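Letter by letter, the chains look like this.
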Amino acid sequence: MPPKADIETETDKPHYHGHRQRLRERFLAGGAAALADYELLELLLYLAIPQRDVKPLAKDLIQRFGSFAAVMAAEPAQLMEISGIKENSAIAIKTVQAAALLMQKQQVLDKPILGSWKAVLDYCHSVMAHDQNEQFRLLFLDGKNALIADEVQSRGTVNHAPVYIREVVKRTLTLGASSIIMAHNHPTTPFSITLDHAQYH
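Residues numbered from 1 in each chain as written. Predicted model: local features only at pLDDT ≥ 70, side-chain atom pairs only at ≥ 80, totals over all residues. Heavy atoms only, no water.

1. Quick notes on the overall build of the protein chain
Tallying secondary structure elements over the protein chain gives 8 helices and 4 strands in all. Taken from the N to the C terminus, the helices and strands of the protein chain come in the order α-α-α-α-α-α-α-β-β-α-β-β. Buried positions account for 34% of the 201 residues belonging to the protein chain. Sequence-distant contacts in the protein chain: of pairs separated by 6 or more residues, those separated by 24 or more amount to 50%. Accessible area of the protein chain: about 11,800 Å², with a carbon and sulfur share of 56%. (Helix = DSSP H or I, 4+ residues; strand = E, 2+ residues; numbered from the N terminus. Buried < 20%, exposed > 50% of the residue type's maximum accessible area, 1.4 Å probe, protein only. Contact = heavy atoms within 4.5 Å. Areas by Shrake-Rupley, 256 points an atom, 1.4 Å probe, with all protein chains shown as cover.)

Put into structure tokens, the structure is as follows:
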């Protein structure tokens, strides 16, 4: 039998163990809606950092970037500027973002997206709205207006992204696209996205 000093008791456990259990129970019972944004982030962080209380860290991230979505969209290097965020935590955050974007992309892939314009707007908003630099994105559609490719044609500065028409036409022909949706964001106007649709004959 181990010495008494080596036996962990309830009073020896860090105070946040009970808090984590309550978070898990609330999440399982009510999903994300049952948690505040910082609590949802906390739930994610403690999977990457099990040995410490991550509630203050989750609140620091929300305060630094402004929202849960903005934390997800931040670059790994930006995340690691926050004291306590190491590579594992940054990867965990970016993995969640990548999974969410993939789910949205699959909702519009190979489907007639012009008939579900809101889904297109939601997808473009998710992948572009929090980008700190302007980007010019192309959604290539087939003859049935189904998405066959989604590509960033160029990235620029906070208020400018170059557009190369020759490259746009070349890529459209290479993919055999019948039409394209051109999208670009406006970092100087948060969450603003512009979409244009062009048909080829």
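That covers the picture; the talk isn't over yet.
2. Describing the pattern of salt bridges
The full count for this structure, using the stated rule, is 4 salt bridges. Measuring nitrogen to oxygen at the nearest pair gives 2.9 Å for the salt bridge that ties Glu39 to Arg26. Placement of the pair is Glu39 in helix 2 (residues 37-48) and Arg26 in helix 1 (residues 16-30), with a sequence separation of 13 residues. One salt bridge in this structure joins Asp150 and Arg137, with 2.8 Å as the shortest N-O distance. Of the two residues, Asp150 is situated in strand 2 (residues 147-155) and Arg137 in strand 1 (residues 135-141); the sequence distance between them amounts to 13 residues. You'll find Asp150 and Arg137 in the same group, each marked buried. (Salt bridge = Lys/Arg side-chain N within 4 Å of Asp/Glu carboxyl O.)

3. Here's the deal with the packing of helix 2 against helix 3 (residues 55-65)
The interhelical angle for the contact between helix 2 and helix 3, taken along N-to-C directions, is 125°, at an axis separation of 8 Å. Between helix 2 and helix 3, the crossing angle belongs to the class labelled oblique. Seen from above, helix 2 lies across helix 3 with right-handed handedness. Residues Asp37, Tyr38, Leu41, Glu42 and Leu45 of helix 2 pack against Lys55, Leu57, Ala58, Lys59, Leu61 and Ile62 of helix 3. Per-class residue counts for the contact of helix 2 with helix 3 are 7 nonpolar, no polar and 4 charged. (Axes fitted to C-alpha atoms, helices over the stretch in contact; angles between N-to-C directions. Parallel < 35°, antiparallel > 145°, perpendicular 65-115°, else oblique. Left-handed = near helix turned anticlockwise from the far one by under 90°. Nonpolar A, V, L, I, M, F, W, Y, C, P; charged D, E, K, R; others polar.)

4. A word on the nonpolar core
If you look at soluble globular proteins, the nonpolar side chains tend to sit buried side by side. Judged by nonpolar contacts, the single largest core of 25 residues is most densely connected at Leu41, Leu45, Leu61, Val71 and Leu79. Breaking this core down by element, the ones donating at least two residues are helix 2, helix 3, helix 4 (68-73) and helix 6 (87-108). If we skip the residues at most four places from it in the chain, Leu45 touches Val54, Leu57, Ala58, Leu61, Ile85, Ser89 and Ile93. Core analysis: the second largest hydrophobic core is formed by 13 residues, Val120, Tyr123, Val127 and Met128 among them. (Core = buried A, V, L, I, M, F, W, Y, C linked by side-chain atoms within 4.5 Å.)

5. As for the side chain of Ser89
Tracing the sequence through the fold places Ser89 in helix 6. Residue class for Ser89 comes out buried when judged on its relative accessible area of 2%. For Ser89, the residues in contact, after removing those within four places along its chain, are Leu45, Ala48 and Ile49.

6. Topic: the packing of aromatic side chains
Tallied over the entire structure, the rule returns 0 aromatic pairs. Above the ring of Tyr38, the side-chain terminus of Lys59 is found at 4.8 Å from the ring centroid. Across the ring face of Phe65, the terminal group of Arg64 is positioned such that the distance to the ring centre comes to 4.5 Å. (Phe/Tyr/Trp six-rings, centres within 6.5 Å; stacked < 30°, edge-to-face > 60°. Lys NZ or Arg CZ within 6 Å of the ring centre and 35° of its normal.)

Just distances and angles here, no functional claims.
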